[in-house]
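Geometric and topological summary
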Amino acid sequence: MKNFFRRLLALKKKRLLAALAALSFVLFYFVLSVLLVSPTEINLEKLRRSWREDLICHETCAAERETAMSEITKELRDHPDSKGARRLKEYFLDEKNETNFRINLIGMIKEADGPDNPPDYIKNFMAQGDNPLIRAAILTAFSAPALSAGSNPLDYYYEILTGDDDLAVKLAAINALSSLADKSDLFNSGQLELIKKIIFNSGTDKRLRQPLILLLSDYYPVLPAETKNILTAYYLTESSGDSISRAFAADSLNRLAGEEFIVPEVSASEWDEYYNN
């Protein structure tokens, strides 16, 4: 009987030692994992969870996001080849992550690298990615010369405008084109023909036509006669059903060409739709 209890006690000790060894291994692995994870990776995970779980982000949430973004951006700027930078790339390319979170990452990349130096995976996504909101964010964040290899960056934007891209991407292209510095040196009649083709196409979404009409004001000082003809022709197209575009055309003609066209009336609901879409 004594031998039995000795054997039982020995067995329990072995099991206890085995359990302690397993627990020690788990603790060692956990501590090692914590030590190997950089602060940037932790901040990235915090942001990812916030965009996934905090559907309504109030003051505290917004402040926490801002702090995390600031620390991540600094790390990207100081250590572009760090583990944190590699993890950011993984998160950006992971389609399971929230779109707004991935757009948020684009902003940090721009702050760290500048608008003229997007990483290759950003350029590849712009060329091949299928999420229009992310592609629109890339267009907004980075310059055309950095995203394309063409000599005239305006060509890059017009390829998008005349292609099959989503409306969000096309609108981002117009905004980027409009804000491009020294663009008047790159204007040509071919671009005006493309604008004309788009705005007179009955299938063109008016949300795309309206900013293109405004863009024509930038062309007027360089190509006044051609621009005036397009604006006048559209203004006279009363059957278009797009009062805002006609109003923009009349305003441009009156302001730039000294005409005295009557600006069409635009209803409050039309303005509301324009400002909220």
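Residues numbered from 1 in each chain as written. Predicted model: local features only at pLDDT ≥ 70, side-chain atom pairs only at ≥ 80, totals over all residues. Heavy atoms only, no water.

**As for the overall build of the chain**
To keep it simple, the criterion reads: Here a helix means four or more residues in a row that DSSP labels H or I, a strand means two or more in a row labelled E, and each is numbered from the N terminus. Working definition of accessibility: Shrake-Rupley area with a 1.4 Å probe, residue cover restricted to the visible protein chains.
In terms of helices and strands, the chain carries 15 helices and zero strands. If you sum the accessible surface of the chain, you get close to 16,600 Å²; carbon and sulfur atoms cover 54% of it.

**Here's the deal with the pattern of salt bridges**
To keep it simple, the criterion reads: The term salt bridge refers to a side-chain nitrogen of Lys or Arg lying within 4 Å of a carboxyl oxygen of Asp or Glu. The rule is simple: take the accessible area with a 1.4 Å probe, protein chains only, and divide by the maximum for that residue type; under 20% is buried, over 50% is exposed, in between is partly exposed.
Under the definition given, this model contains 14 salt bridges. Residue glutamate 41 is joined to arginine 87 by a salt bridge in which the shortest nitrogen-to-oxygen separation is 3.2 Å. Of this pair, glutamate 41 sits in helix 2 (residues 39-53) while arginine 87 sits in helix 4 (residues 83-93), and the two are 46 residues apart along the sequence. The exposure class assigned to glutamate 41 is buried, which follows from its relative accessible area of 5%. With relative accessibility at 27%, the residue arginine 87 sits in the partly exposed group. Aspartate 205 is paired through a salt bridge with arginine 207; the nearest N and O atoms lie 2.8 Å apart. Classification of aspartate 205 by relative accessible area gives partly exposed; the value is 27%. The structure contains a network of salt bridges with shared partners spanning Glu41, Lys83, Arg87 and Glu90.

**Remarks on empty space enclosed by the protein**
Threshold: Of the two site types, the cavity is a set of points on a 1 Å grid over the protein atoms alone where a 1.4 Å probe fits but cannot get out, and the pocket is an open set with protein on both sides within 12 Å along at least five of seven lines, each lined by residues with an atom within 4 Å of a point. Grid points are joined across faces, edges and corners, and a volume is the space filled by probe spheres set on the points. Amino acids outside the nonpolar list (Ala, Val, Leu, Ile, Met, Phe, Trp, Tyr, Cys, Pro) and the charged list (Asp, Glu, Lys, Arg) are all regarded as polar, and Gly is one of them.
Throughout the structure, instances matching the rule amount to one cavity of 30 Å³ or more. Counted as a void, the largest cavity has a volume near 100 Å³. What lines the largest cavity is Lys206, Arg207, Gln210, Gly241, Asp242, Ser243, Ile244, Glu270, Glu273, Tyr274 and Asn277. Elements that contribute at least two residues to the lining of the largest cavity include exactly helix 12 (206-219), helix 14 (243-256) and helix 15 (268-275). When its residues are assigned to classes, the lining of the largest cavity shows two nonpolar, four polar and five charged.

**A few points about helix 14**
Going by this rule: Expected span, for any helix, means 1.5 Å times one less than how many residues it has. Any two residues whose heavy atoms approach within 4.5 Å at even a single point are treated as in contact.
Taking 1.5 Å per residue, 14 residues should reach 20 Å; helix 14 reaches 20 Å between its end C-alpha atoms and fits that length. Extensive coverage of helix 14 is indicated by the burial of ten of its 14 residues. Restricting attention to buried positions, one finds in helix 14 the residues Ser243, Ile244, Ser245, Arg246, Ala247, Phe248, Ala249, Ala250, Ser252 and Leu253. Contacts made by the buried residues of helix 14 are with helix 12, helix 13 (224-235) and helix 15. Downstream of helix 14 by one or two residues, glycine 258 has phi in the positive range, about 70°.

**Topic: the nonpolar core**
Nonpolar side chains in soluble globular proteins tend to be buried together. Which entries qualify depends on this criterion: Joining through side-chain atoms within 4.5 Å is the link that ties buried Ala, Val, Leu, Ile, Met, Phe, Trp, Tyr and Cys residues into a set, and such a set is a nonpolar core.
Among the nonpolar cores identified, the biggest contains 65 residues, and Phe92, Ile106, Ile138, Leu139, Leu212 and Tyr219 are the most heavily contacted of them. Not counting chain neighbours up to four residues away, the residues in contact with tyrosine 219 comprise Leu154, Tyr158, Phe187, Asn188, Gln191, Leu192, Ile195, Pro224 and Thr227.

**Examining the environment of isoleucine 72**
By the element assignment, isoleucine 72 lies in helix 3 (residues 59-78). Each C-alpha atom of the pair isoleucine 72 and alanine 112 lies 9.0 Å from the other, and the pair is 40 residues apart in sequence. Residues in contact with isoleucine 72, not counting those within four places in the same chain, are Thr40, Asn43, Leu44, Leu47, Leu88 and Met108.

**Structural notes on the confidence of the model for the chain**
We apply this condition: Predictor confidence is given residue by residue as pLDDT, running from a minimum of 0 to a maximum of 100.
Taken as a whole, the chain shows an average pLDDT of 87; of its residues, 87% reach a score of 70 or greater. Of all helices and strands in the chain, the one with the weakest mean pLDDT is helix 1 (residues 2-36) (50), whereas helix 13 scores best (97).

**A closer look at the packing of helix 7 (residues 132-141) against helix 10 (residues 167-179)**
What counts here: Axis definition: a line fit to C-alpha positions, over the contact stretch in the case of helices; interaxial angles, taken between N-to-C directions, run 0 to 180 degrees. In this scheme, roughly parallel covers angles under 35 degrees and roughly antiparallel covers those over 145, while 65 to 115 is roughly perpendicular and the rest are oblique.
Closest axis-to-axis distance for the helix 7/helix 10 pair is 8 Å, and the angle between their directions is 5°. As the angle between them shows, helix 7 and helix 10 are arranged roughly parallel. Residue-level inspection shows Pro132, Leu133, Arg135, Ala136, Leu139 and Thr140 of helix 7 in contact with helix 10, the latter providing Ala168, Val169, Ala172, Ala173 and Ala176.

**Let's talk about the side chain of asparagine 97**
Within the secondary structure layout, asparagine 97 lies in the loop between helix 4 and helix 5 (99-113). Residue classification places asparagine 97 among the buried residues on the basis of a relative accessible area of 3%. Beyond its immediate chain neighbours, meaning those up to four positions away, asparagine 97 contacts Arg48, Arg52, Tyr91 and Arg102.

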